[in-house]
Protein chains: 2
Amino acid sequence: MASDRPYSSIIERLKNAGLRPTRQRLALAKLLFEKGNRHLTAEHLHGEASAANVRISLATVYNALHQFTAAGLLREVVVEPGRSYFDTNVEEHHHFYREDTCGLEDIPGEHLQVGDLPAPPAGTSVTRVDVVIRVKSDQGST
Amino acid sequence: MASDRPYSSIIERLKNAGLRPTRQRLALAKLLFEKGNRHLTAEHLHGEASAANVRISLATVYNALHQFTAAGLLREVVVEPGRSYFDTNVEEHHHFYREDTCGLEDIPGEHLQVGDLPAPPAGTSVTRVDVVIRVKSDQGST
DNA sequence: TTATTTTCTAGAATCGTTCTAAGCTATTGA
DNA sequence: TCAATAGCTTAGAACGATTCTAGAAAATAA
Ligand SMILES: [Mn+2]
Ligand SMILES: [Mn+2]
Ligand SMILES: [Zn+2]
Ligand SMILES: [Zn+2]
């Protein structure tokens, strides 16, 4: 049963991506993929690992996040300078960004349509369309 | 005539923003606003100033860009971590981002419609909607 | 096993940006 | 006209996120 092999599907995912299923990568994958959709910075994930008593260097967290992103297990989202969010939801979708709390939230794909795209510049093709709806708290708090 | 007072409208714009029309700010405004729509980083603008023999520190370029942005003369756009673009087009519009050359280009506002926005999270209101269409060169070059 | 390859890591380095504190400049109003 | 004042500029240090380095450790192959 799956409960007897809690890592088996993650191990397969890593192997399919050409990544050895090391202790560090398994621990990060568990933190990332077993809690629903998440939008995390490298430093935040490193903090979660520490809190879970997983000793891992920050450099390894960055390495793993970029490797997972290259493998299509994560997606990188940029909404402000100097900080990247890694998104466990790799389906097509867009985001709300709360400017006051610096939090990212998904907008389900079917709830936002971008009308016909204009033709991209000659010689180029579209790799992704990112829509970010920036919001702020009403009044000055929350 | 306007040609006799090439700086007069820029001076007015700065004064209206509560900014003294200093040598540095006038030179930057001239570089920014007299060449059509531009999307520049602070370092790029600093380089243009140097090339035009305007001696100005990088800190002053950053200060001026943020002041101009606060005054509504510029808009800040983020498309990748660790770098901000300042956009001289403050009309509502969206962007193509060429991932290979790191160049930003305007999409005229009327050429891209974002269908009805979903309701923002409770207690928040929308400050801006940013659409970035990421493109890459066909084949491996430019 | 042992050899080979990949991965991990501490710490240094880098990069864009912001801060600091001291000197300059534009503006004001006597 | 010219201090006095408030605002501005600057070099360089500091910063925070990220990347690099190079040697040690772990995973896999032989
Ligand atoms: Mn990255
Ligand atoms: Mn800024
Ligand atoms: Zn998301
Ligand atoms: Zn633009």
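Residues numbered from 1 in each chain as written. Chains lettered and ligands numbered in written order. Predicted model: local features only at pLDDT ≥ 70, side-chain atom pairs only at ≥ 80, totals over all residues. Heavy atoms only, no water.

Undergrad: If you had to explain the packing of aromatic side chains to someone new, which residues and values would you point to?
TA: Residue and element names in this part refer to chain A. One pass over the structure, following the stated rule, counts 2 aromatic pairs over all chains. Centre to centre, the rings of Phe-33 and Phe-68 are 6.2 Å apart; their planes meet at 35°, and the pair counts as tilted. With Phe-33 in helix 2 (residues 23–33) and Phe-68 in helix 4 (residues 58–70), the pair connects residues that are 35 residues apart, well separated along the chain. Using a relative accessible area of 1% as the deciding quantity, one classes Phe-68 as buried. Arg-13 extends its terminal NZ or CZ atom over the ring of Phe-33, reaching a point 4.8 Å from the ring centre. (Phe/Tyr/Trp six-rings, centres within 6.5 Å; stacked < 30°, edge-to-face > 60°. Helix = DSSP H or I, 4+ residues; strand = E, 2+ residues; numbered from the N terminus. Buried < 20%, exposed > 50% of the residue type's maximum accessible area, 1.4 Å probe, protein only. Lys NZ or Arg CZ within 6 Å of the ring centre and 35° of its normal.)

Undergrad: An account of the pairing of strand 6 (residues 124–137) of chain A is needed here, citing residue identities and associated values.
TA: Direction of pairing for strand 4 (residues 94–98) of chain A relative to strand 6 of chain A: parallel, over a ladder of 4 bridges. Residue Arg-98 of chain A lies in a different strand from strand 6 of chain A, and its bridge partner there is Val-135 of chain A. In this sheet, strand 6 (residues 124–137) of chain B lies alongside strand 6 of chain A in antiparallel orientation, the contact comprising 13 bridges. Directly across from Ile-133 of chain A, in strand 6 of chain B, lies its bridge partner Val-129 of chain B. (Pairing = 2+ DSSP bridges.)

Undergrad: How would you explain the protein's contact with DNA strand C if you had to name every residue and give the values?
TA: Around DNA strand C there are 21 residues in total, and Thr-22, Arg-25 and Thr-60 of chain A together with Tyr-62 and Gly-82 of chain B lie nearest to it. The contact atoms of DNA strand C, taken as those within 4 Å of the protein, divide so that sugar and phosphate hold 79%. Thr-22 of chain A is positioned with one of its side-chain polar atoms (N or O) 2.5 Å from a phosphate oxygen of DNA strand C. Here a phosphate oxygen of DNA strand C and a backbone polar atom of Ser-84 of chain B are 2.8 Å apart. Breaking the surface near DNA strand C down by element, the ones donating at least two residues are helix 2 and helix 4 of chain A together with helix 4 (58–70) and strand 3 (83–87) of chain B. If you tally residues by element for the surface near DNA strand C, the top one is helix 4 of chain B, at 4 residues. (Near = heavy atom within 4 Å. Polar contact = N/O pair within 3.5 Å; in protein donor to acceptor, adjacent residues only side chain to side chain.)

By themselves these figures say nothing about function.
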